[in-house]
Amino acid sequence: MDSNKKYWKGLEELNKTPEFVELNKHEFAEPIPIEEVLTGGGLEGKSPRRDFLKALGFGVGAVTLAACQKVPVHKSIPYLIKPEEVTPGIPNYYTSTYEGQAILVKTREGRPIKIEGHPNDIIAKGGASAQAQASVLDLYDVNRLKNPLKDNGDSGWSQVDDFVVRELLNIKAGGKKIRIVSSTVTSPSTLGVIADFITQFPAAKHINYDAVSYTGIIQANQNSFGKAVLPHYNFDKADIIVSFAADFLGTWISPEEFTRQYVSNRNNKSLESKKMSRHIQFETGMSLTGSNADVRIPIKPSEEGLALVALYNAVSGSTLAGTKALTNKVAENAIAIAAKELIAAKGKALVVAGSNDVAAQVLVNAINSLLGSYGTTIDLDNPSLQYAGNDAEFAELVNDMKSGQVDALFFLNANPAYDYYNSKDFTEGLKKVRLKVSFASNTDETSALCNIVAPNHHYLESWGDDNALSGYYTVLQPTINPVYDTRQAEQSLMKWSDNPAKDYYTYVRNNWDKNLLAKGGLSGQSGWETLLQTGFVKAASVTAGTYTFSKDLNAVAQTVIDHSNLLAGDKTELQLYQTVAMRDGKRANNPWLQELPDPVSKVTWDNFAAMSPSDMKKKGLQDGDVVKIDANGYSIALPVSSQPGQAQGTISVAVGYGRTVVGPVGINVGKNAFPFHSLRNGTLQTSATAILTPTGENSPLAQTQTHHSIEGRNSIIKEASFTEYLKSPATGTGKGEGHKDYTEKDNLFWQKYERPAYDWVMAIDLNACTGCGACVVACSAENNIPVVGKDEVRRRREMHWIRIDRYYSFNDNGKDGGVTREHEIAKLEDLDHVKVVYQPMLCQHCDHAPCETVCPVLATVHSSEGLNHMAYNRCVGTRYCANNCPYKVRRFNWFNYWNDSRFDNYLNNEHTQLVLNPDVTTRFRGVMEKCSMCIQRIQAGKLKAKIEKRPLKDGDIKMACQQTCSANAIVFGNKNDPESEVSKALKSERTYYVLEELNVQPGIGYQTKIRNISELEA
């Protein structure tokens, strides 16, 4: 399959631009400024040395005091660890919940320092997203509100309480409306508190508002089946998946759960059973999901509805009135193939769409009904309870505000002044509201307009519960006492409505005793304690029912076609999307997320306009050129980026950027794209027509992907088709006739050392890795990896120990199976149909480690257990090891990132440093660092087994990257144990070693990428 393939990381490398050639001509992007260092000018200013003791000294008044209070009001119970008292040096783990997913919170000496997925969680089965991993850092954000505010000035809780109660009573007497606006609330106890508040104030109403809307799906299910729900999708039960712009592996509804399901039909276990699902993706911009698809077809937003109509016609064998033929012949042919395969897989097929248009979603429902998907791949009877927002209801609220009908507004985890498409109308209406209360824990665009800010606890300081999936109830318990003078929002609502419950803990406890413990077969005090240890209960599921679509579709199809006609034309079509890291922008002040490279574009610290290479050439634009984008009466200026796979005639822009009232990390990073939305037929639309005007400016983007060249080494990525795999599982690995087996006998320079106890190795399945980047953030949290900021990333100085390399490829049948530069430039349309492979790359812990042979001070050495160690206090920063590493996985500390005043906006402050893992040394200027294979976890696992007087078991030790992976793409363990999971994985015929021909004997084996495609599609 891949004999004619050329792999490349970015267009700079593909086209060998002069800038790329110059930057990669030398091993290092720039030399060490030794003269400046010696003369004292290298730091360009003061760089005071702050040690951790000073950090703790600051914390006595805040975090450390909160961590060391010995008698909290209500005790949390550590996860299966007794006794619960803190033992210095020994971590405690508490169960909690993050957005409906059960998690474990690791604490050290009372400080939460790490989030782990709960191994028994039914959503992600131990995985955790990048956002979940980064959420612990928000606890230590020095920009959190320290106390309540009244009229933007500091106040006390008694003054705030008196004012709000007095105002509420006056408003109640006046009879005007009271509204509680929140992002979708899935907590049963929170919903109970809100219901009690409404009982006390009958003029009140709760409105769910989500910045990213799924109203279209919910309304479509109401129209189609009389059930206004967001379905629970079962990707693991689908043999064929056809997606229209639904980024279900990245940002759509429940990506961690969908990733686990999706990969279960594509991983090593599935392949060895000769089974693999097939995935066809139609979309505008290259999404994480589209880049993982077997077949990806770029289409314009205006073509999406027409493609759905065409698919319905092909599946049903009928023709809907007003049907309009697709002019995109590639998409037309793909629709015919998809329809045939969907029909063949009836009962095991799934069609999903990311559109928020009700008519488009009704069409999807009709197609799935014809395919027998309800009751198998789609469950309407055990739905997802997330994203219950109603676009029309919130629009009605804005009109009520403008007409002076609303006298009180409460905002809970909602920021419409920033993320509502018509923020101008919203803010104008807000001026007419008498009482405006925000529960924001950080000042945001909406709270800045409120006369009361009653700051909420961070979720790690809170009691509560969640019910994101029907029948699945998780518990939220505090892992630290409140750091500041904040108060849980539910407690505030109870106080203001004179709720008879003493406090919110009591309210939660009573709710569980009466309504929820029994769902898990629990009761009483012992049941409550069991819940706090296990973290969740699962009620018996309702048998998923089958549903038959019986509505007339002709009017629906006409609505879809009319919408397509609105977008079609000569103008550029704009598509809005979310990035995996930033999502809706609520966590814009989190530096771990800002510095996480986007999986596809590899851009950090910015949003941009993604454009196809063909359109870039036609318009005479270069990467980084700034263009003014006008759409829906709103305009912003953004740099453009050439994106292979982008549909021609379109641009894609990410929302979640452009915050104007936020902490120093996220302020004015990128531009706000939310106002490009429009309200049509009661739902927010994510596409529009746009006019692009070059400004003549250039703003270079901070991209990480092309910081190292692969020097034409196509042996780095190995892949094959599923058809080829079935013929020979080793296809694509390079094994077979003519393959050289690099063994110890070929080595003249290295001695072979015995490893009688442990030989630590890793296996990475490229067919399971989706490229989401959660492992990058998990590694940063575990190993105290500093954040360096946009300018340093542009200088090629990012510090991540693990990176997710993204490789593009396409076939070429030119001379010698190769691709010439002239061919690439002449045939830019090839770039519309590139394929993508993701490859996690970290230190390979080579047995014949090239870094070790060149270190003049023995700072990097090999262990008796097969690991490549770094002795930081020996390193003098020659960088010879980085020069000699063929994988380019070593990082050089150009500055004391943790102690340099220029990095105060990121992690360099005494408060934030309390998130540091005390088991890992923070590195200093001039020192080289790289993946240690979480040596602290290895030692802890061995010590625990020793204390318990038992052998170390497979699975006792998990790497941070491995533990967070929802796809289980990374496996670590002892190669000496033939029954270990890693040994079995490395015995797979799909296993190969990157750059094996260099005979460095890497300790990480990769399994080939397999695509379920036909030879024609290949």
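In what follows, the structure referred to is the one given above.
Calculation notes
- Residues numbered from 1 in each chain as written.
- Predicted model: local features only at pLDDT ≥ 70, side-chain atom pairs only at ≥ 80, totals over all residues.
- Heavy atoms only, no water.
- Salt bridge = Lys/Arg side-chain N within 4 Å of Asp/Glu carboxyl O.
- Buried < 20%, exposed > 50% of the residue type's maximum accessible area, 1.4 Å probe, protein only.
- Helix = DSSP H or I, 4+ residues; strand = E, 2+ residues; numbered from the N terminus.
- Pairing = 2+ DSSP bridges.
- Contact = heavy atoms within 4.5 Å.
- Phe/Tyr/Trp six-rings, centres within 6.5 Å; stacked < 30°, edge-to-face > 60°.
- Lys NZ or Arg CZ within 6 Å of the ring centre and 35° of its normal.
- Expected span 1.5 Å × (residues − 1).
- Axes fitted to C-alpha atoms, helices over the stretch in contact; angles between N-to-C directions.
- 1 Å grid on protein atoms, 1.4 Å probe; cavity = no way out; pocket = protein on both sides within 12 Å on 5 of 7 lines; lining within 4 Å.
- Points joined across faces, edges and corners; volume = space filled by probe spheres on them.
- Nonpolar A, V, L, I, M, F, W, Y, C, P; charged D, E, K, R; others polar.

**Student:** Just to check I follow, could you spell out the pattern of salt bridges for this structure?
**Tutor:** Between side chains of opposite charge, a pair can form when the charged atoms approach closely. In total, this model carries 39 salt bridges according to the counting rule given. Among the ionic pairs, D630 bridges to K628, the shortest N-O distance being 2.9 Å. Note on K628: relative accessible area 34%, which makes it partly exposed. With its nearest N and O atoms 2.9 Å apart, the salt bridge here joins E782 to R937. Note that E782 is positioned in helix 26 (residues 774-783) and R937 in helix 31 (residues 935-947), a separation of 155 residues in sequence.

**Student:** Help me out: how do you make sense of the pairing of strand 4 (residues 111-117) in this one?
**Tutor:** Summarising burial for strand 4: seven of the seven residues are buried, a large majority. Summarising the sheet, strand 3 (residues 101-108) and strand 4 pair through six bridges and their orientation is antiparallel. Along strand 4, the bridge assignment pairs T107 with P112. Counted along the chain from strand 3 to the antiparallel partner strand 4, the turn is two residues long, and its residue E109 has a positive phi close to 50°.

**Student:** Where do I start with the environment of G535 in this structure?
**Tutor:** Checked against the element boundaries, G535 lands in the loop between helix 21 (524-534) and strand 20 (536-538). Each C-alpha atom of the pair G535 and V475 lies 5.6 Å from the other, and the pair is 60 residues apart in sequence. If we ignore the near neighbours within four places in the chain, the residues touching G535 are T95, Y473, T474 and V475.

**Student:** Would you take a moment to explain the packing of aromatic side chains for this structure?
**Tutor:** For any pair of aromatic rings, the description consists of the separation of the ring centres together with the inter-plane angle of the planes. Enumeration according to the criterion identifies 38 aromatic pairs in this entry. For the ring pair F244 and F282, a centre distance of 4.9 Å and an interplane angle of 10° mean the geometry is stacked. Separated by 38 residues along the polypeptide, F244 in strand 10 (residues 240-244) and F282 in strand 11 (residues 278-283) bring together distant segments of the chain. A single burial state applies to F244 and to F282, both of which are buried. When the centroid spacing of 5.9 Å and the interplanar angle of 75° are considered together, the rings of F411 and F426 count as edge-to-face. Taken together, the residues span a long stretch of sequence, with F411 in strand 15 (residues 406-412) and F426 in helix 18 (residues 423-430) at a distance of 15 residues. Across this residue pair, the class does not change: F411 and F426 are buried. A network of ring pairs unites the aromatic residues Y209, F394, F411, Y420, Y421 and F426 as a single cluster. Over the ring of Y418 we find R659; its NZ or CZ atom is 5.2 Å from the centre of that ring.

**Student:** Honestly, unusual backbone geometry in this entry has me stumped. Any pointers?
**Tutor:** Negative phi characterises most residues that are not glycine, and trans characterises most peptide bonds. Phi angles above zero are rare outside glycine, and C934 is one such case at about 45°. Within the secondary structure, C934 sits in the loop between strand 38 (928-929) and helix 31. Taking relative accessible area as the criterion, C934 reaches 6% and is therefore assigned buried. In this model, N968 sits at a positive phi of 55°, which is unusual for a non-glycine residue. Within the element layout of this structure, N968 appears in the loop between helix 32 (960-964) and strand 39 (970-974).

**Student:** Can you walk me through helix 8 (residues 188-200) in this structure?
**Tutor:** Think of an α-helix as turning once every 3.6 residues; residues three or four places apart then point the same way. Its 13 residues place the ends of helix 8 19 Å apart at the C-alpha level, agreeing with the 18 Å of an ideal helix rising 1.5 Å per residue. Buried within helix 8 we find S189, T190, G192, V193, I194 and F197.

**Student:** In this structure, what is going on with the sheet that holds strand 41 (residues 1004-1007)? I would like to understand it.
**Tutor:** Strand pairs in the sheet, formed through backbone hydrogen bonds, run parallel or antiparallel to each other. An order of 39-32-41-40 is seen for the four strands of this open sheet, with the pairing classed as mixed. Each edge of the open sheet is held by one strand with a lone partner, namely strand 39 and strand 40 (991-992). Pairing analysis gives five bridges linking strand 32 (residues 760-765) to strand 39, with the strands arranged antiparallel. Paired with V761 across the two strands is G973, which belongs to strand 39.

**Student:** So what exactly am I meant to see when it comes to the sheet that holds strand 6 (residues 153-154) here?
**Tutor:** What the seven strands build is an open sheet, ordered 6-5-17-16-15-7-8; its pairing is mixed. This sheet does not close on itself; its edge strands, each paired only once, are strand 6 and strand 8 (204-208). Across the sheet, helix 16 (residues 391-402) is in contact with strand 7 (177-182), strand 8 and strand 15; its angle to strand 15 comes to roughly 140°.

**Student:** Would you mind going over empty space enclosed by the protein with me for this structure?
**Tutor:** Here the idea is plain: a probe the size of a water molecule rolls over the atoms and shows the empty space left. Overall, the coordinates contain 14 cavities of 30 Å³ or more when judged by the stated rule. The computed volume of the second largest cavity comes to approximately 890 Å³. What lines the second largest cavity is a set of 50 residues, among which A245, Q575, L576, Y577 and T686 lie closest to the centre. When the residues that make up the lining of the second largest cavity are grouped by side-chain class, the tally is 22 nonpolar, 23 polar and five charged.

**Student:** Explain helix 22 (residues 554-567) to me, please; I cannot follow it from the model alone.
**Tutor:** With 14 residues, helix 22 should cover 20 Å at 1.5 Å per step; its first-to-last C-alpha distance of 20 Å lies within 8% of that length. Its buried side turned inward, helix 22 meets helix 13 (301-316), helix 15 (358-370), strand 21 (572-577), strand 27 (678-680), strand 28 (683-685) and strand 29 (687-698).

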